[in-house]
Amino acid sequence: MQNINVKCDKCGWNKEVSGDGFREWHNKVCPCCLDSVIIDDKDMAIFLMVKEIERMDKELGGDGEPQYHYRFDTAPMRDGKLPTITEDK
Ligand SMILES: [Zn+2]
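Just so we're clear, the structure is a prediction, and the values are computed from it rather than from any experiment.

Participant: Just to check I follow, could you spell out the overall build of the chain for this structure?
Facilitator: If you tally the helices and strands in the chain, you get 1 helix and 4 strands. Starting at the N terminus, the α and β elements of the chain follow one another as β-β-α-β-β. In the chain, which comprises 89 residues, the share counted as buried stands at 13%. When contacts within the chain are restricted to residue pairs at least 6 apart in sequence, long-range pairs at least 24 apart make up 25% of them.

Following this line, the structure appears as structure tokens:
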């Protein structure tokens, strides 16, 4: 399972979590600046979407390994923009 980087949009604190570990950060306040929620409801929707894409990707790949790796950054959504998606090589 691909690791996901959860991060604070305010102070930049970040942590890599594996598998479903990101769920623990849903509506949790940043442990560093105590001033921002790490994964809000919008972020959560994106994470679940990413997981679904990964699942479909695995099914298509057939060998249990995802063919593509993506990084999603939901920070731009706070300004009403789309999340940025970059492909990991
Ligand atoms: Zn913070």
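This is not the end of the story, as more comes after the structure.
Participant: Just checking my understanding: could you explain the environment of isoleucine 39 for this structure?
Facilitator: Looking at the element boundaries, isoleucine 39 is found in the loop between β2 (14-17) and α1 (41-61). On the neighbour-count criterion, isoleucine 39 (20 C-beta atoms within 10 Å) is buried. In this structure, the C-alpha to C-alpha distance between isoleucine 39 and histidine 26, residues 13 residues apart in sequence, is 4.7 Å. In contact with isoleucine 39, other than residues within four places in its own chain, are Val6, Phe22, Trp25, His26, Met44 and Phe47.

Participant: Sorry, what's going on with the environment of glutamate 54 here?
Facilitator: Considering the arrangement of structural elements, one finds glutamate 54 in helix α1. For the pair glutamate 54 and tyrosine 70, spaced 16 residues apart in the sequence, the C-alpha separation amounts to 9.0 Å.

Participant: Hey, could you run me through the confidence of the model for the chain in this one?
Facilitator: In regions of low pLDDT, the predicted coordinates are not meant to be interpreted in detail. On average, residues of the chain score 83 in pLDDT, and 88% of them are at 70 or above. Averaged over each element, pLDDT in the chain is lowest for strand β3 (residues 69-73) (73) and highest for β2 (92).

Participant: Where do I start with the nonpolar core in this structure?
Facilitator: Proteins that are soluble and globular tend to have nonpolar side chains buried together. One finds Ile4, Val6, Cys8, Phe22, Trp25, Cys30, Ile38, Ile39 and Phe47 forming the largest nonpolar core, which totals 9 residues. When sequence neighbours within four positions are dropped, the list of residues in contact with phenylalanine 47 reads Ile4, Phe22 and Ile39.

Participant: Explain α1 here, please?
Facilitator: Given 3.6 residues per turn, any residue in an α-helix points the same way as the ones three and four places further on. In this model α1 runs 30 Å from its N-terminal to its C-terminal C-alpha over 21 residues, within 8% of the 30 Å that 1.5 Å per residue would give. The buried fraction of α1 is low, at 2 of 21 residues.

Participant: So what exactly am I meant to see when it comes to the pairing of β2 here?
Facilitator: The side chains of a regular strand alternate, residue by residue, between the two faces of the sheet. Pairing between strand β1 (residues 4-7) and β2: 4 bridges, direction antiparallel. Counted as the bridge partner of asparagine 5 is glutamate 16 from β2. Between β1 and β2, which pair antiparallel and follow one another directly, the connecting turn spans 6 residues, one of which, glycine 12, has a positive phi of 90°.

Participant: Can you walk me through unusual backbone geometry in this structure?
Facilitator: Peptide bonds are, in most cases, trans, and in most cases residues other than glycine have a negative phi. At asparagine 27, a position not held by glycine, the phi torsion is positive, near 60°. Position of asparagine 27 among the secondary structure elements: in the loop between β2 and α1. For leucine 34, which is not glycine, the phi torsion reads 55° and is therefore positive. Along the chain, the position of leucine 34 falls in the loop between β2 and α1.

How each quantity is defined
Residues numbered from 1 in each chain as written. Predicted model: local features only at pLDDT ≥ 70, side-chain atom pairs only at ≥ 80, totals over all residues. Helix = DSSP H or I, 4+ residues; strand = E, 2+ residues; numbered from the N terminus. Buried ≥ 20, exposed ≤ 12 C-beta atoms within 10 Å, placed from the backbone. Contact = placed C-beta atoms within 7 Å. pLDDT = per-residue confidence, 0-100. Core = buried A, V, L, I, M, F, W, Y, C linked by C-beta atoms within 7 Å. Expected span 1.5 Å × (residues − 1). Pairing = 2+ DSSP bridges.

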